[in-house]
Amino acid sequence: MSKPNERAVQRRWDWHYPLMARAEGIYLWDADGRRYIDGSGGSSVVTAIGHGVREIPEAMARQAKDYVFYPAHAFSNPKLLELADLIADIAPGELRNRCKTWMTVTGSDATDDASRLARQYWVVKGKPGKHIILGRWQAFHGDNIFAVSISGLSARRRLFTPMFRDMPKIPPAFCYRCYFEKTHPGCGLLCARVLEDAICQSGPENVAAFIAEPVVGSALAACPAPEGYFEVIREICDRYEVLFIADEVMTALGRTGKMWGIEHWDATPDIIAISKALTGGHYPVAAVVARAAGGRRGRIHPATRTFQALRIAVQASGLLPAQRSTLFTDLRAIVEQFDRSHPDVERLRLQLREYARNPYLTGAGLVVIPTLATLPQQIAYDSLTQETIVAIQQAARI
């Protein structure tokens, strides 16, 4: 077991973490030989293709033999061009083959770059007053200072609030505990229509974009917006000349059963931020996908390692097995096969029932989390085995 509070900084100071030894498919093994179901998909990173896909490290090795870095101010990279074409071929809705892709490093960088792109777009369009990025409470868009300012996760904002300029928020689309105390569908999607109030209160001439996750991750327990929500959001954004940014860092490339989380609604974003599943955890990589609106004014400001050849080769090779996966075309069959192939799931389901007789489940596709609203007081979170904590998300969905 690893030692807490010594030299390595980990997610929790007081936690005795098992030491990882290897991973394959949906399974993890620790140094003692115990096997775990990675129900979180490597924190939503390996969800598209699983652990141990040989094609990706092989592609990394081939690229490393040629070159790993190049001066992007003077040269291009064949894999970069290939990757942009791959993304354009699978982009959602009106973005299909009508978009441009910008490389960056992490999901936090992607949402930050998406916000800066929205600002730059309006400056180029002759509307420099548009600078506000509207968000939602109980949303998470990253850990850098600006990403925290557009996020609505209070626990992560509180410490750093004096350091950033806060951005306005609207209530989340959370039917289980509706902010407006309404019931869907009789609510008339008030949680979406309130965006119009927020835009008007800030002044449409000041609002550059609205950012939202199609399925909110840990900040709201894998909660998708209700049916019709993003269609209303799209109409309001169009009416007031506000760009719609979809944060698909957790949901893109198959996590929800469709290639893109936003494809569960009939609405196309103007900008999409993606990361995590883009390389299946083999390299820190992210991207921003945006409408090809025409015009080439304004300067792009990349991070130093944005165009590292190795990371781009990983992205391109990671997308290929994801595109071939039947997960996106027959999710139900995949789930049934999963149940038959992994008997551990039945045991985990029984464990979940032991702790919560009637858990509220939220999610889409294979990203599902239980809200343990009926958790008995005498059962503390830390009393759950680590194996159950790692795997409970996958067990809960069945």
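Located above this text is the structure these notes cover.
Not measured: the values here are computed from a predicted model.

### Quick word on the nonpolar core
Next, step 1: Of all hydrophobic cores here, the largest spans 73 residues; its most connected members are Leu 195, Phe 210, Tyr 229, Phe 230, Ile 233 and Ile 274.
Next, step 2: Each residue touching Phe 210, except ones within four places of it in the same chain, is listed here: Leu 134, Gly 135, Arg 136, Ile 170, Leu 195, Tyr 229, Ile 233, Cys 237, Val 242, Leu 243, Phe 244 and Ile 245.
Next, step 3: Counting six residues, the second largest nonpolar core, distinct from the first, contains Phe 174, Val 216, Ala 219 and Cys 223.

### Thoughts on the sheet that holds strand β2 (residues 27–30)
Next, step 1: Read across the sheet, three strands follow the order β1-β2-β3 without closing on themselves; strand pairing throughout is antiparallel. Only two strands of the sheet have a single neighbouring strand rather than two, namely β1 (20–24) and β3 (35–37). Shown here is a sheet whose adjacent strand axes are inclined to one another by a mean of 25°, direction ignored.
Next, step 2: Pairing of β1 with β2, which is carried by four bridges, proceeds in the antiparallel orientation. Counted as the bridge partner of Glu 24 is Tyr 27 from β2.

### So, the side chain of Arg 234
Next, step 1: Within the secondary structure, Arg 234 is located in helix α8 (residues 229–239).
Next, step 2: For Arg 234, the side chain forms a polar contact with the main-chain oxygen of Thr 268, separated by 2.8 Å.

### Details of unusual backbone geometry
The phi torsion of most residues other than glycine is negative, and most of the peptide bonds are trans.
Next, step 1: For the bond running from His 184 to Pro 185, omega is 10°, close enough to zero to count as cis.
Next, step 2: As for its placement among the helices and strands, Pro 185 is situated in the loop between β6 (169–170) and α7 (190–202).
Next, step 3: Despite not being glycine, Gln 138 has its phi angle at roughly 60°, a positive value.
Next, step 4: Relative to the assigned elements, Gln 138 resides in the loop between β5 (132–136) and α5 (145–150).
Next, step 5: In this structure, Leu 189 takes a positive phi of about 55° despite not being glycine.
Next, step 6: For Leu 189, the position within the fold is in the loop between β6 and α7.

### Re the pairing of β5
Next, step 1: Among the five residues that make up β5, five are buried, leaving the element largely enclosed by the rest of the structure.
Next, step 2: Side-chain alternation along β5 places Ile 132, Leu 134 and Arg 136 on one buried face and Ile 133 and Gly 135 on a second face that is also buried.
Next, step 3: Here β5 pairs with strand β7 (residues 207–212) via three bridges, running parallel. Its bridge partner being in β7, Ile 133 is matched across the sheet by Ala 209.
Next, step 4: The pairing of β5 with β6 spans two bridges and is classified as parallel. Note that in β6 the partner of Gly 135 across the bridge is Lys 169.

### Quick notes on the sheet that holds strand β4 (residues 99–104)
Strands in a sheet are paired, the pairing made by backbone hydrogen bonds, and the direction either parallel or antiparallel.
Next, step 1: Pairing is mixed across the open sheet formed by seven strands, whose spatial order is β4-β12-β11-β10-β7-β5-β6. Of all the strands in the sheet, just β4 and β6 have a single pairing partner and so form its edges.
Next, step 2: Across the sheet, helix α3 (residues 78–90) is in contact with β4, β11 (271–274) and β12 (286–291); its angle to β4 comes to roughly 130°.

### A short note on a nonpolar patch on the surface
Next, step 1: A cluster of nonpolar side chains, Ile 145, Leu 159, Phe 160 and Met 163, forms an exposed patch at the surface whose accessible area comes to about 410 Å².
Next, step 2: Its place among the elements puts Leu 159 in the loop between α6 (154–157) and β6.
Next, step 3: Take Leu 159: its relative accessible area is 67%, and that puts it in the exposed class.

### With respect to the pattern of salt bridges
Next, step 1: Throughout the structure, instances matching the rule amount to 15 salt bridges.
Next, step 2: Linking Glu 241 and Lys 127 is a salt bridge whose minimum nitrogen-to-oxygen distance equals 2.4 Å. Taken together, the residues span a long stretch of sequence, with Glu 241 in the loop between α8 and β10 (243–247) and Lys 127 in the loop between α4 (107–124) and β5 at a distance of 114 residues.
Next, step 3: On the basis of relative accessible area, Glu 241 is assigned to the partly exposed category, the value being 39%.
Next, step 4: Between Arg 234 and Asp 270 there is a salt bridge whose closest N-O contact spans 2.9 Å. Placement of the pair is Arg 234 in helix α8 and Asp 270 in the loop between β10 and β11, with a sequence separation of 36 residues.
Next, step 5: For Arg 234, a relative accessible area of 10% translates into the label buried.
Next, step 6: Of the residues examined, Asp 270 reaches a relative accessible area of 10% and is grouped as buried.

Conventions we followed
- Position numbers for residues start from 1 in each chain and track the written sequence from start to end.
- Restriction of local features to residues with pLDDT of at least 70 applies here, the model being predicted, together with a cutoff of 80 or more for giving and counting side-chain atom pairs; totals for whole chains, interfaces and linings are based on all residues.
- With hydrogens and water set aside, each side-chain value is computed from the structure's full complement of heavy atoms.
- Buried Ala, Val, Leu, Ile, Met, Phe, Trp, Tyr and Cys residues that are joined via side-chain atoms within 4.5 Å together make up what is termed a nonpolar core.
- Exposure is judged per residue with a 1.4 Å probe applied to protein chains only, and the accessible area is read against the type maximum: over 50% gives exposed, under 20% gives buried, and values in between give partly exposed.
- Pairs of residues are marked as contacts when any of their non-hydrogen atoms sit within 4.5 Å.
- Strand pairing is assigned whenever DSSP detects at least two bridges linking the two strands.
- What counts as a helix is a DSSP run of H or I of at least four residues, what counts as a strand is a run of E of at least two, and both are numbered from the N terminus.
- The axes used here are C-alpha line fits, helices contributing only the stretch in contact, and every angle between their N-to-C directions lies in the interval 0 to 180 degrees.
- Each polar contact in these results corresponds to two N or O atoms within 3.5 Å; when the atoms are within protein, one needs to be able to donate a hydrogen and the other to accept it, and residues that are neighboring in sequence are counted only if both atoms are side-chain atoms.
- For patch building, the residue pool is restricted to those with more than 30% relative accessible area and no salt bridge; the joining distance is 9 Å between like charges and 5 Å between nonpolar side chains (Val, Leu, Ile, Met, Phe, Trp, Tyr).
- Areas reported as accessible are Shrake-Rupley estimates using a 1.4 Å probe. Residue values count occlusion only from the protein chains shown.
- Salt bridges are defined as contacts in which a side-chain nitrogen from Lys or Arg sits within 4 Å of a carboxyl oxygen from Asp or Glu.

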